[in-house]
Amino acid sequence: MRSWKQLPYFLAVARSGSFRAGAAELGATHATTRRQIDELEMVLGTRLLHRDRSGVELTEAGRRFLSEALEAERHVMAAENRVLGLDREASGTVRLSCEALIARSLLPPVLAQFSQRYPEIDIDLKVGDSFDDVAGHEVDLAVRIAADPPAGARADRICPFNVATYASQTYLAEQLPLAGPRGEGLAWIGYDDAGVAGRIAASPFPDAPLRYKTTDLDTHLALVRAGAGLSVLPVWVESRYPELQQLPGTRQETGRAIWLVINADLARITRVRRFAKALSTAIAASSGADLAR
């Protein structure tokens with residue numbers, strides 16, 4: 001039992017792949033998390049993690065210990081659920097509507113972890129951007145990106161959603177020295193017609209042409225990473241794609257946030273309440289630190 005206190009820290013770091021993300025998941029500091037892992041390794045007398053600038057990697061001993069630690073966690077969760085007495089409201093289906101950006105970038109690990117903890121609760125995921133889904137009882141919860149919460153529904157602010165202009169480091173190294181003072185020679189990747197001209201005109205590169213236009217974030221990421229041009233992306237891409245860099249002379253755009261919109265009639269139902277809490281906590285932990293920079 002000497003390592004019981006450190007177990008949650010090890011699991012959080014092993015799952016997330018970094019001390020920073022693991023600390024955010026637990027609501028702890030980076031220093032506390034590192035100290036707990038160091039104490040665990042001292043107790044066990046072996047190295048569990050390889051550390052480098054890109055994150056952490058499990059050693060062979062770490063992989064073996066992770067397997068046993070996960071089994072211990074499952075037993076503890078099962079005991080907790082038995083004590084709490086999962087009733088009928090803690091089983092069934094929760095209907096979630098989520099914007100594509102969140103669904104693709106942040107949601108998969110959240111759903112996987114929740115399903116392990118609550119195997120009796122199923123998730124019906126609808127990817128879309130309509131606020132009317134919740135008010136119209138089409139879904140129980142919705143995750144949205146907006147400056148203000150929608151009217152007519154309960155909405156909890158999860159974390160800020162900041163964006164900035166990015167390009168690949170290779171593109172900047174090769175093209176920026178050759179570009180004109182107003183961006184001549186560079187290329188923009190835009191989302192749609194609404195506002196794109198104004199955004200380009202207000203940027204430090206107003207004479208760079210709009211060469212590509214798509215509403216799909218995955219395509220934006222692929223084009224930017226391939227060196228096709230400049231695009232406005234969420235600031236969390238910088239920590240996940242180290243080859244990307246915010247353009248010199250540009251600033252982050254603030255003012256929007258990620259909101260959890262809840263059907264007020266269903267907010268007290270156990271399965272909805274538990275999923276709402278897990279969802280907001282996990283999204284804030286996985287993106288909040290990066291988004292708030």
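This text goes with the structure placed above it.
Everything numeric here is computed off the predicted structure, so don't read it as measured data. (Residues numbered from 1 in each chain as written. Predicted model: local features only at pLDDT ≥ 70, side-chain atom pairs only at ≥ 80, totals over all residues. Heavy atoms only, no water.)

## Looking at the overall build of the protein chain
Logical step 1: Tallying secondary structure elements over the protein chain gives 12 helices and 11 strands in all.
Logical step 2: Expressed as a percentage of the 293 residues in the protein chain, the buried residues total 42%.
Logical step 3: Accessible surface computed for the protein chain: about 15300 Å², of which carbon and sulfur atoms make up 51%. (Helix = DSSP H or I, 4+ residues; strand = E, 2+ residues; numbered from the N terminus. Buried < 20%, exposed > 50% of the residue type's maximum accessible area, 1.4 Å probe, protein only. Areas by Shrake-Rupley, 256 points an atom, 1.4 Å probe, with all protein chains shown as cover.)

## Focus: the environment of glutamate 174
Logical step 1: By the element assignment, glutamate 174 lies in helix 8 (residues 169–175).
Logical step 2: For glutamate 174, a relative accessible area of 48% gives the class partly exposed.
Logical step 3: Placed 53 residues apart in sequence, glutamate 174 and glycine 227 show a C-alpha to C-alpha distance of 9.7 Å.

## Examining the packing of aromatic side chains
Between two aromatic rings, the relevant description is the distance of the centres plus the angle of the planes.
Logical step 1: Scanning the model with the defined rule gives 4 aromatic pairs in all.
Logical step 2: Centre to centre, the rings of phenylalanine 114 and tyrosine 118 are 4.9 Å apart; their planes meet at 45°, and the pair counts as tilted. No difference in accessibility class separates phenylalanine 114 from tyrosine 118, as the two residues are buried.
Logical step 3: Centre to centre, the rings of phenylalanine 161 and tryptophan 236 are 6.0 Å apart; their planes meet at 70°, and the pair counts as edge-to-face. Pair noted here: phenylalanine 161 is in strand 6 (residues 154–168) and tryptophan 236 is in the loop between strand 9 (231–234) and helix 11 (237–240), with a separation of 75 residues, a long-range link. (Phe/Tyr/Trp six-rings, centres within 6.5 Å; stacked < 30°, edge-to-face > 60°.)

## A look at the packing of helix 2 (residues 19–26) against helix 3 (residues 30–44)
Logical step 1: Packing of helix 2 against helix 3 brings their axes to within 8 Å, and their N-to-C directions diverge by 105°. Taken as axis vectors, helix 2 and helix 3 run roughly perpendicular relative to one another. In this structure, helix 2 contributes Phe19, Arg20 and Ala23 to the contact, and helix 3 contributes His30, Thr33, Arg34 and Ile37.
Logical step 2: By residue class, the composition of the contact of helix 2 with helix 3 is 3 nonpolar, 2 polar and 2 charged. (Axes fitted to C-alpha atoms, helices over the stretch in contact; angles between N-to-C directions. Parallel < 35°, antiparallel > 145°, perpendicular 65-115°, else oblique. Contact = heavy atoms within 4.5 Å. Nonpolar A, V, L, I, M, F, W, Y, C, P; charged D, E, K, R; others polar.)

## Section: the pattern of salt bridges
Logical step 1: Per the counting criterion, the structure on display carries 14 salt bridges.
Logical step 2: Of the charged contacts in the structure, one is a salt bridge between aspartate 207 and arginine 182, with a shortest N-O distance of 2.8 Å. With aspartate 207 in the loop between helix 9 (196–201) and strand 8 (210–213) and arginine 182 in the loop between helix 8 and strand 7 (188–190), this pair connects stretches of sequence that are 25 residues apart.
Logical step 3: Residue aspartate 207 is classed as partly exposed on the basis of its relative accessible area, which comes to 35%.
Logical step 4: Taken together, the shared-partner salt bridges connect Asp38, Glu41, Arg47 and Arg51 into one network. (Salt bridge = Lys/Arg side-chain N within 4 Å of Asp/Glu carboxyl O.)

## Remarks on the packing of helix 1 (residues 7–16) against helix 3
Logical step 1: In the contact formed by helix 1 and helix 3, the axes pass within 9 Å of each other and the chain directions differ by 110°. Between helix 1 and helix 3, the angle falls in the class roughly perpendicular. In contact with Tyr9, Phe10 and Val13 of helix 1, helix 3 contributes Thr32, Thr33, Gln36, Ile37 and Leu40.
Logical step 2: Among the residues making up the contact of helix 1 with helix 3, the classes are represented as 5 nonpolar, 3 polar and no charged.

## Topic: the nonpolar core
Logical step 1: By size, the foremost hydrophobic cluster in this structure holds 57 residues, and its most contacted members are Ile102, Leu141, Val143, Ile258, Leu279 and Ile283.
Logical step 2: Here the element with the most residues in this core is strand 6; it accounts for 7 residues.
Logical step 3: Grouped together as the second largest cluster of nonpolar side chains are 15 residues, Tyr9, Phe19, Leu40 and Leu49 included. (Core = buried A, V, L, I, M, F, W, Y, C linked by side-chain atoms within 4.5 Å.)

## Overview of helix 6 (residues 107–117)
Logical step 1: Those residues of helix 6 lying buried are Leu107, Val110, Leu111 and Phe114. Looking straight down helix 6, one finds its buried side chains confined to an arc of 95°; they lie on one side. Exposed residues pointing more than 90 degrees away from the buried face of helix 6 are listed as Pro109 and Gln116. (Arc of directions from axis to C-beta.)

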